[in-house]
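Residue-level structural notes
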Amino acid sequence: MSKVFEFSEDLGKAHEILQHVLTEYNIDTSRLYSTGLSQGGYGTFNLNIKYPNLFAAMVPIAGGGDPAEANKLIDKPIWAFHAEDDAVIPVAHTRDMIEAIKHAGGSPIYTEYPKELGYNHGSWVPAYANSEMIEWVFKQVNKKQ
């Protein structure tokens, strides 16, 4: 397994900080959302694999996850983004993960920007500007909380 598909110490610290914030503030835990780009895209997949009931939805961008763990995400609302011409993070990392989730029985949404658009590693720019995705995220509610 590639190191990027592992749960890192930094990701563990981020989870620890989130847990602290959740205890200190009045937060609707049924509406926690996870997103990240590039290494944060890997982190989004890895955090949701380790804690599949924590977030109501996830939006990984230009990242990837371990396809062997895809079964942990079949009930998770996911909208992933990647650019076909990404020269930093192989688009296959997102493609493989999305296909594995579908094969396991999940229904993720996947938007891949064609190379003709020239987004390269900047796929988060159009992804975060996508009002349909933003509206979709805020409709997700975690019923496991």
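In this report, we go over the structure that sits alongside the text. (Residues numbered from 1 in each chain as written. Predicted model: local features only at pLDDT ≥ 70, side-chain atom pairs only at ≥ 80, totals over all residues. Heavy atoms only, no water.)

What follows deals with the pattern of salt bridges. Pairing of side chains with opposite charge becomes possible as their charged atoms draw close. Counted by the stated rule, this structure contains 5 salt bridges. Glu112 is the salt-bridge partner of Arg95, the closest N and O atoms lying 2.6 Å from each other. Here Glu112 lies in strand 4 (residues 109–113) and Arg95 lies in helix 3 (residues 91–104), a separation of 17 residues in the sequence. (Salt bridge = Lys/Arg side-chain N within 4 Å of Asp/Glu carboxyl O. Helix = DSSP H or I, 4+ residues; strand = E, 2+ residues; numbered from the N terminus.)

This paragraph deals with helix 1 (residues 9–24). Here helix 1 spans 23 Å end to end across 16 residues, near enough to the 22 Å set by a 1.5 Å rise per residue. Buried within helix 1 are the following residues: Leu11, His15 and Leu22. Down the axis of helix 1, the smallest arc covering the buried residues is 45°, so these residues share one side. Along helix 1, the residues that are exposed and aim more than 90 degrees away from the buried face are Glu9, Asp10, Thr23 and Glu24. (Expected span 1.5 Å × (residues − 1). Buried < 20%, exposed > 50% of the residue type's maximum accessible area, 1.4 Å probe, protein only. Arc of directions from axis to C-beta.)

Along the chain, the position of Tyr110 falls in strand 4. Taking the C-alpha atoms as reference points, Tyr110 and Arg31, separated by 79 residues in sequence, lie 21 Å from one another. At 2.6 Å, the side chain of Tyr110 forms a polar contact with the side chain of Glu112. (Polar contact = N/O pair within 3.5 Å; in protein donor to acceptor, adjacent residues only side chain to side chain.)

Treat this as a map of the structure, not an account of what it does.
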